[in-house]
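One letter stands for each residue in the lines below.
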Amino acid sequence: MNAPAPALTLVSHALCPYVQRAAIVLLEKGVPFARRDVDLAAKPDWFLAVSPLGKTPVLLTEDTAVFESAVICEYLEETNGPPLHPPRPLERARHRAWMEFGSATLATVWGFYSAPDAASLQARRAELQQRFAQLEAELDEAGPYFSGTRFSMVDAVFAPVFRYLDAFEECGETGWLDTLPRMQHWRTALAARPSAQQAVAADYPQRLLAFLRTRGGELARRMEPAQV
Ligand SMILES: N[C@@H](CCC(=O)N[C@@H](CS)C(=O)NCC(=O)O)C(=O)O
């Protein structure tokens, strides 16, 4: 007998880091889900009908469409075990705050790869380095995750951030975490986490590099010509 179709559909884009965090939470909780990719350059009507801001991800349930990745993650946390947030309210508040920091970091990542010239690339890089130094001070000493041995929602948020560093390094922008040993440890642990690996398709690194190439800014200019 065939397995029943999953009750949840994650409306996705192959490169979206916010989709990845929702997918990681679903995978960590062992919740079956289907994916439906959308072309964000030509948004179809069915997508605009379920996504008031025209953004991925959206989680389609049997009753409603939930948009905004943090809200999707909180809904999944309330409806499925095992818990990814810590039990104490104050600690939970701290985790939610660092998830928000993760979104701000993604905005800086966007600024970096979209920088139009060398000076702004340098400035965005400095901003990103500053955020990484702030995180280093916040990380559990022993690790390997944000707050120790238990994987949390903050880890789901930062796994996609570290993935960008892999691509930036391919473009010659290296040395991001050289003086940040806890961040290095965290990055390695997240790269090895099955949920983080399964949150993207096998060709994600090539697709991300191809996307960065199309941005047309300073980083794209520094990339090696595409192999044909
Ligand atoms: N705050 C949103 C951000 C989502 C977001 O920016 N998604 C991007 C793709 S990674 C998007 O859909 N962009 C399309 C657009 O803005 O038109 C969330 O956390 O879900």
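A quick note: this is a predicted structure, and the numbers were derived from the prediction, not measured.

This paragraph deals with the site of the ligand. Lining the immediate environment of the ligand, one finds Cys16, Pro17, Tyr18, Leu40, Lys43, Gly54, Lys55, Thr56, Pro57, Glu68 and Ser69. Within the contact set of the ligand, an oxygen atom lies 2.5 Å away from a side-chain nitrogen or oxygen of Lys43. A distance of 2.8 Å separates a nitrogen atom of the ligand from a polar side-chain atom of Glu68. Within the complex, 71% of the 510 Å² of free accessible area of the ligand lies under protein.

Moving on, we get to the domain arrangement of the protein. Split by domain assignment, the protein resolves into domain 1 (9-79) and domain 2 (89-222). Each of domain 1 and domain 2 has a C-alpha centre, and the two are 21 Å apart. Taken residue by residue, the interface counts 15 residues in domain 1 and 23 residues in domain 2. Of the roughly 1700 Å² buried between domain 1 and domain 2 on both sides combined, carbon and sulfur atoms contribute 63%. The interface formed by domain 1 and domain 2 holds 2 salt bridges in total. Where Glu74 meets Arg96, a salt bridge forms, and the shortest distance between an N and an O atom there is 3.0 Å. Elements with a minimum of two residues in the side of domain 1 that touches domain 2: helix H1 (17-28) and helix H3 (69-79). A breakdown of the residues in the side of domain 1 that touches domain 2 according to their chemical character gives 9 nonpolar, 1 polar and 5 charged.

What follows deals with the packing of aromatic side chains. Taken as a whole and assessed by the stated rule, the structure comprises 14 aromatic pairs. Seen from their ring centres, Tyr113 and Phe211 are 5.7 Å apart, and the 80 degrees between their planes marks the pair as edge-to-face. Of the two residues, Tyr113 sits in helix H4 (residues 89-113) while Phe211 sits in helix H9 (residues 204-215), which places them 98 residues apart along the sequence. Residue classification places Tyr113 among the buried residues on the basis of a relative accessible area of 7%. Their ring planes at 45 degrees and their centres at 5.1 Å tell us that Phe158 and Trp186 sit as a pair that is tilted.

Looking now at the packing of H4 against helix H5 (residues 118-138). As a packed pair, H4 and H5 sit with axes 9 Å apart at the nearest point and diverge in direction by 160 degrees. Judged by the angle between their axes, H4 and H5 are roughly antiparallel. Note on packing geometry: the crossing formed by H4 with H5 is left-handed. Contacts between H4 and H5 pair Arg94, Trp98, Phe101, Ala104, Thr105, Thr108, Val109, Gly111 and Phe112 from the former with Leu121, Arg124, Arg125, Glu127, Leu128, Arg131, Phe132, Gln134, Leu135 and Glu138 from the latter. By residue class, the composition of the contact of H4 with H5 is 9 nonpolar, 4 polar and 6 charged.

Cut-offs applied
- Residues numbered from 1 in each chain as written.
- Predicted model: local features only at pLDDT ≥ 70, side-chain atom pairs only at ≥ 80, totals over all residues.
- Heavy atoms only, no water.
- Near = heavy atom within 4 Å.
- Polar contact = N/O pair within 3.5 Å; in protein donor to acceptor, adjacent residues only side chain to side chain.
- Areas by Shrake-Rupley, 256 points an atom, 1.4 Å probe, with all protein chains shown as cover.
- Domains from an automatic or database assignment.
- Contact = heavy atoms within 4.5 Å.
- Buried area = accessible area lost by both parts, 1.4 Å probe.
- Salt bridge = Lys/Arg side-chain N within 4 Å of Asp/Glu carboxyl O.
- Helix = DSSP H or I, 4+ residues; strand = E, 2+ residues; numbered from the N terminus.
- Nonpolar A, V, L, I, M, F, W, Y, C, P; charged D, E, K, R; others polar.
- Phe/Tyr/Trp six-rings, centres within 6.5 Å; stacked < 30°, edge-to-face > 60°.
- Buried < 20%, exposed > 50% of the residue type's maximum accessible area, 1.4 Å probe, protein only.
- Axes fitted to C-alpha atoms, helices over the stretch in contact; angles between N-to-C directions.
- Parallel < 35°, antiparallel > 145°, perpendicular 65-115°, else oblique.
- Left-handed = near helix turned anticlockwise from the far one by under 90°.

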